[in-house]
Amino acid sequence: MGVCSVIRTFLHLSIKPKTEARRCVRLLQKIKTEHATPQLYTTLHRRACSTVSTPRITTHYTIHPRDKDPRWEGVEMERFADEADVVIVGGGPAGLAAAIRLKQLANKHEKELRVCLVEKAPQIGAHTLSGACLEPSALTELIPDWKERGAPLNTPVTEDVFSILTEKYRIPVPMMPGLPMQNHGNYIVRMGNLVRWLGEQAEEVGVELYPGYAAAEVLFHEDGSVKGIATNDVGIAKDGSPKDIFERGMELHAKVTLFGEGCHGHLAKQLYKKFNLRENCEPQTYAIGLKELWMIDEKKWRPGRVEHSVGWPLDRNTYGGSFLYHLNEGEPLVALGFVVGLDYTNPYLSPFREFQRWKHHPFVAPTLEGGQRIAYGARALNEGGFQSVPKLTFPGGLLIGCSPGFMNVPKIKGTHTAMKSGMLAAEAIFPKLTAETLDSETAGLHVPEYAENLKNSWVWKELYAVRNIRPSFHNYFGLYGGMIYTGIFYWIFRGKEPWTLKHCGTDANQLKPAKECTPIEYPKPDGKISFDLLSSVALSGTNHEGDQPPHLTLKDDSIPVARNLGIYDGPEQRFCPAGVYEYVPLDTGDGMRLQINAQNCVHCKTCDIKDPSQNINWVVPEGGGGPAYNGM
Amino acid sequence: KCPRVSPVVTLCYCFVSPQIRVKPDNTGVVTDGVKHSMNPFCEIAVEEAVKLKEKKLIKEVVAVSCGPQQSQETIRTALAMGADRGIHVDVSGKDYENLGPLQVSKILAALAKQEDAQLILLGKQAIDDDCNQTGQMTAALLDWPQGTFASEVSLEGDKINLVREIDGGLEHIKINTPAVITADLRLNTPRYATLPNIMKAKKKKIATVKPADLGVDLTSRLEVLKVEEPPQREAGMKVETVEDLVVKLKEAGRV
């Protein structure tokens, strides 16, 4: 294996054309294409059946392949490759837990194991966003002395408050022990800081961490098993042509690859299709979570207090609710946010504006008065639970964490199960990797033991017990029906009822046409408690290299105006928490066009999930771009 | 025939997050957890040094950074871009908070003598403090010529031809070596530090020194009295006619 990569490297160095020659070829190509008018170029690439010439939006090579693109002729596409034992995609709780566990086992058994982890964020933790109330069970299993090692779990939960909100009032709901939302023994954490700490622990045990490098492509052996991943190419201009500083990404080959991309990962999406991993489970359902960090007036600060609410401003048939946690890290900081189930039906709903509106409720606003907002962000989370867990293993790889989705929805916790899944993956892989003979039919290791072990673990029991709570909201009484169901079947019967309720299908299919729905009148932001979208996006610190193809790719550039705007009044303008999608008037003539402000993207994945036409395909932008969350 | 010069490239490890807030006690800004990386102008300086090495005009590129443990990341990036070895000047805690251009210049001057450097390349200014002083002070301490705001650099024998971006336009100068050059935006477009190069850079050497080893005294001659946020931008006002505008300007005392 090692010799092959050395030979490949030498070939790469010797056959790579000189920079000057490459530049010359590229200039010639540019002259060739500049003579073709932009309109003609669009025509060449638009679908045969469209009647209106749509301005070209998507330039990404996943939609317009480079091997057919004249501008890429003669460009060196050979990639440098390196070998590791295990490659992990994603530096979140699951990925890091798996990496740490692998190296712990390797160090304990004195085996050499090369574990490489790639993460698209510029530093570990910069793309992490969560409430969060952490159940420390998995962390204690992974690193029993986490307290001595300085893990940032500084705020034990002291008060647990649950409310049903109406427009003006609040109905308190008693937090009985045994209810899933009860938080005794848990910690309020700033997940970004915990993930950063996990990163440090991983480096200490010898994991190779590579933040700032996104896994852009899955690589396959000839027998169809997963060979590893390739990181993103850099230096592609906005129109899809190569720049002078174009560099190919790198290939990381591994015996087994773990995919821990978090909720709705883009590589996982490809793997589901390739290996048919979703044939025996329900489609995943999701919610979007928006979050802010506030520095509040000290008099209002009650460290350790956890508040959750349901009800207003959402109607009883739209799933969602809020959280507000008082942190205890030396300053009066609260983490608050709003979650909206993405199976909502009204295309006029804006999760961002529901969040801003909720903050004005008489029970919430006093806490924030006199305070200052210091951070904002958003991320999709999965809600499918037990019914939506796909097949977890395939030749050469496996899925961990929120990517397949192990979130306990009524508890609103997924970190402990994500970490446990990572640890179980590591424990299943390790003996196979270090066995005397590599026992595998395929070139990439297949580790079905991981799925079996997961099904025998507390993760599975937990998910099974709460499996019917989320689907129980799909009844005429909506929220209230769901709460009654939870009260009876979970609190009393502990989820042992013999039936399993189904979800309603994919979130994207739930939207009703705009003409069947009423627009929602949202109040204007007051600039003190509620804010507008653009100033919020600025607080997320998000940025991307401007001169690159938009990573929100459309399979068909003409569908947004024809279908999304025509039938649903452009819901992406409202569900995107970062203002990426805008319908603006055409420069000439009547009509609108979709403008994609890719630089604003906070990598939440909501658009890929909720687009009613399923035309948007989120792919990873150049590594290092995206939000710059600090302890979110 | 071109002489072989060995440059020292210095890098700033500064915070690049757009969201900065002032500490509650007004003594500074919050830097904990804020994204730090290489100063963009220093990236340009590194790129220029690597380009000169690729043209075989210089022998060796040494990347230097002054700061806490984490600033080694910046040196690694420079090594991944093509620098040969790194020197990390370990400054942390209170010393790091007080580290200003004068202290850095003293450190660089000492290092330049130690390394027998012929060329020092820096970014023109750091984007966190915008001081634009380190290059100039270093040249003064060493009594070397300086070419600041360079947008074009070429070596000619033992002299350097430089084009400087100044307020009036472009200035062409010729300076002797050894010299200090600070890079401006249009000098070049820095290459990406690709992952294979980052991996190779892990094997390149980074030496750690302390300022005391270089005989540098870090006491600051400046005392920060207070750090405040800029005043909140107030809403503008629209007026209907030019007469209204004049009235409003007079009211505000501007006319």
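On a predicted model such as this, the values are computed, not experimentally measured, just so you know.

Reading guide: rules and limits
- Residues numbered from 1 in each chain as written.
- Chains lettered and ligands numbered in written order.
- Predicted model: local features only at pLDDT ≥ 70, side-chain atom pairs only at ≥ 80, totals over all residues.
- Heavy atoms only, no water.
- Helix = DSSP H or I, 4+ residues; strand = E, 2+ residues; numbered from the N terminus.
- Expected span 1.5 Å × (residues − 1).
- Buried < 20%, exposed > 50% of the residue type's maximum accessible area, 1.4 Å probe, protein only.
- Phe/Tyr/Trp six-rings, centres within 6.5 Å; stacked < 30°, edge-to-face > 60°.
- Lys NZ or Arg CZ within 6 Å of the ring centre and 35° of its normal.
- Salt bridge = Lys/Arg side-chain N within 4 Å of Asp/Glu carboxyl O.
- Contact = heavy atoms within 4.5 Å.
- Buried area = accessible area lost by both parts, 1.4 Å probe.
- Nonpolar A, V, L, I, M, F, W, Y, C, P; charged D, E, K, R; others polar.
- 1 Å grid on protein atoms, 1.4 Å probe; cavity = no way out; pocket = protein on both sides within 12 Å on 5 of 7 lines; lining within 4 Å.
- Points joined across faces, edges and corners; volume = space filled by probe spheres on them.
- UniProt positions renumbered as here; feature names shortened; annotations may be inferred.
- Patch = residues over 30% accessible without salt bridge, like charges linked within 9 Å, V, L, I, M, F, W, Y side chains within 5 Å.
- Areas by Shrake-Rupley, 256 points an atom, 1.4 Å probe, with all protein chains shown as cover.
- Pairing = 2+ DSSP bridges.
- Axes fitted to C-alpha atoms, helices over the stretch in contact; angles between N-to-C directions.
- pLDDT = per-residue confidence, 0-100.
- Left-handed = near helix turned anticlockwise from the far one by under 90°.
- Core = buried A, V, L, I, M, F, W, Y, C linked by side-chain atoms within 4.5 Å.

Focus: helix H10 (residues 415-434) of chain A
Along its 20 residues, H10(A) runs 29 Å from first to last C-alpha, staying within 8% of the 28 Å computed at 1.5 Å per residue. With 18 of its 20 residues buried, H10(A) lies for the most part within the structure.

Focus on the packing of aromatic side chains
Given two aromatic rings, their pairing is described by the distance between the two centres and the angle made by the two planes. All names here are of chain A. Taken as a whole and assessed by the stated rule, the structure comprises 13 aromatic pairs over all chains. For the pair Phe275 and Phe394, a centre-to-centre distance of 4.9 Å together with 20° between the ring planes defines the contact as stacked. Of this pair, Phe275 sits in helix H7 (residues 266-275) while Phe394 sits in strand E21 (residues 393-394), and the two are 119 residues apart along the sequence. Judged on exposure class, the residue Phe275 and its partner Phe394 are both buried. The structure contains a cluster of three or more aromatic residues connected by ring pairs, namely Phe220, Phe259, Phe275 and Phe394. Positioned over the ring face of Tyr344 is Lys610, at 4.4 Å from the centre of the ring.

Quick notes on the pattern of salt bridges
Residue and element names in this part refer to chain A. One pass over the structure, following the stated rule, counts 42 salt bridges over all chains. We note a salt bridge from Arg305 to Glu159, for which the minimum N-O separation is 2.5 Å. Residue Arg305 is found in strand E17 (residues 305-311), and its partner Glu159 is found in strand E6 (residues 159-165); the two are separated by 146 residues along the sequence. In this structure, Glu354 and Arg357 form a salt bridge, with 3.2 Å as the shortest nitrogen-oxygen distance. Taken together, the residues span about one helical turn, with Glu354 and Arg357 both in helix H8 (residues 351-358) at a distance of 3 residues. Judged by its relative accessible area of 2%, Glu354 is buried.

Some thoughts on the interface of chain A and chain B
Each side of the interface is counted separately: chain A has 29 residues, and chain B has 20 residues. When chain A packs against chain B, close to 2000 Å² is buried across both sides, 62% of that on carbon and sulfur atoms. Its largest share of buried area at the contact with chain B, chain A owes to A:Tyr210, A:Tyr213 and A:Ile245, together 26% of the area lost on that side. In this structure, the connection of chain A to chain B is made through 0 salt bridges. Secondary-structure elements contributing two or more residues to the side of chain A that touches chain B are strand E9 (208-211), strand E12 (234-236), strand E13 (242-247), strand E20 (372-382) and helix H14 (533-539) of chain A. Class assignment of the residues belonging to the side of chain A that touches chain B gives a composition of 15 nonpolar, 7 polar and 7 charged.

Some details on empty space enclosed by the protein
Residues and elements named next belong to chain A. One pass over the full model with this rule turns up 10 cavities of 30 Å³ or more. For the second largest cavity, the calculated volume is near 70 Å³. Lining of the second largest cavity is provided by 14 residues; of these, Cys576, Cys601, Cys604, Lys605 and Cys607 occupy positions nearest its centre. Taken together, the residues of the lining of the second largest cavity break down into 11 nonpolar, 2 polar and 1 charged.

Here's the deal with the UniProt feature "domain: Electron transfer flavoprotein alpha/beta-subunit N-terminal" (unreviewed entry) in chain B
Look at the UniProt record and you will see "domain: Electron transfer flavoprotein alpha/beta-subunit N-terminal" (unreviewed entry) annotated at residues 26-218 of chain B. Along residues 26-218 of chain B the backbone is 31% helical and 29% strand, and the end-to-end C-alpha distance reaches 23 Å.

A short note on a nonpolar patch on the surface
Side chains of A:Met176, A:Ile484, A:Ile488, A:Trp491, A:Ile492 and A:Phe493 sit close together on the surface and give an oily, nonpolar patch of about 550 Å² of accessible area. Note that A:Ile488 resides in helix H13 (residues 479-492).

As for the sheet that holds strand E1 (residues 81-83) of chain A
Adjacent strands of a sheet form backbone hydrogen bonds with each other and so pair up, either parallel or antiparallel. Residue and element names in this part refer to chain A. Spatially, E1-E14-E11-E10 is the arrangement adopted by the 4 strands of the open sheet, whose pairing is mixed. Taken across any chain shown, the strands that pair with only one partner, and hence form the sheet edges, are E1 and strand E10 (215-220). Going across the sheet, the axis of each strand differs from the next one's by a mean of 25°, ignoring polarity. Bridge count between E10 and strand E11 (residues 226-231): 5 bridges; the pairing is antiparallel. From the neighbouring strand, Val218 faces E11, where its bridge partner is Ile229. Packing of H7 onto the sheet brings it into contact with E10 and E11, and relative to E10 it is tilted by some 25°.

Remarks on the UniProt feature "transmembrane region" (unreviewed entry) in chain A
When the UniProt feature table is mapped onto this chain numbering, "transmembrane region" (unreviewed entry) sits at residues 473-493 of chain A. Structurally, residues 473-493 of chain A is divided into 67% helix and 0% strand, and its ends, taken at the C-alpha atoms, are 18 Å apart.

What about the environment of A:Tyr464?
All names here are of chain A. Tracing the chain through its elements places Tyr464 in helix H12 (residues 458-465). Taking the relative accessible area as the measure of exposure, Tyr464 reaches 33% and is therefore partly exposed. Not counting chain neighbours up to four residues away, the residues in contact with Tyr464 comprise Phe386, Gly495 and Glu497.

Comments concerning the confidence of the model for chain A
Residues and elements named next belong to chain A. For chain A, per-residue confidence averages 88 on the pLDDT scale, and residues scoring 70 or more make up 91% of the total. Mean pLDDT per element in chain A: helix H3 (residues 38-45) is the minimum at 37, and strand E2 (residues 86-89) is the maximum at 97. Confidence drops under a pLDDT of 50 for residues 1-17, and excluding neighbours within four residues, the segment shows 12 contacts in the predicted structure. Per-residue pLDDT stays below 50 along residues 32-51; that stretch engages in 13 contacts with residues further than four places along the chain or on separate chains.

Brief notes about the packing of H10(A) against H12(A)
Residue and element names in this part refer to chain A. At a closest axis distance of 10 Å, the pairing of H10 and H12 adopts a crossing angle of 145°. Handedness of the crossing formed by H10 with H12: left-handed. Along the contact surface, H10 presents His416, Thr417 and Lys420, while H12 presents Trp458, Val459 and Glu462.

Here's the deal with the nonpolar core
Residue and element names in this part refer to chain A. Counting residues in hydrophobic clusters, the biggest one holds 122 residues, and the most contacted among them are Leu258, Phe259 and Tyr450. At 10 residues, H10 tops the list of elements feeding residues into this core. Once residues within four sequence positions are removed from consideration, Tyr450 is found in contact with Leu392, Thr393, Leu398, Leu399, Ile400, Phe406, Ser421, Leu424, Ala425 and Ala428. Membership of the second largest hydrophobic core comes to 73 residues, among which are Val306, Leu349, Val580 and Trp618.

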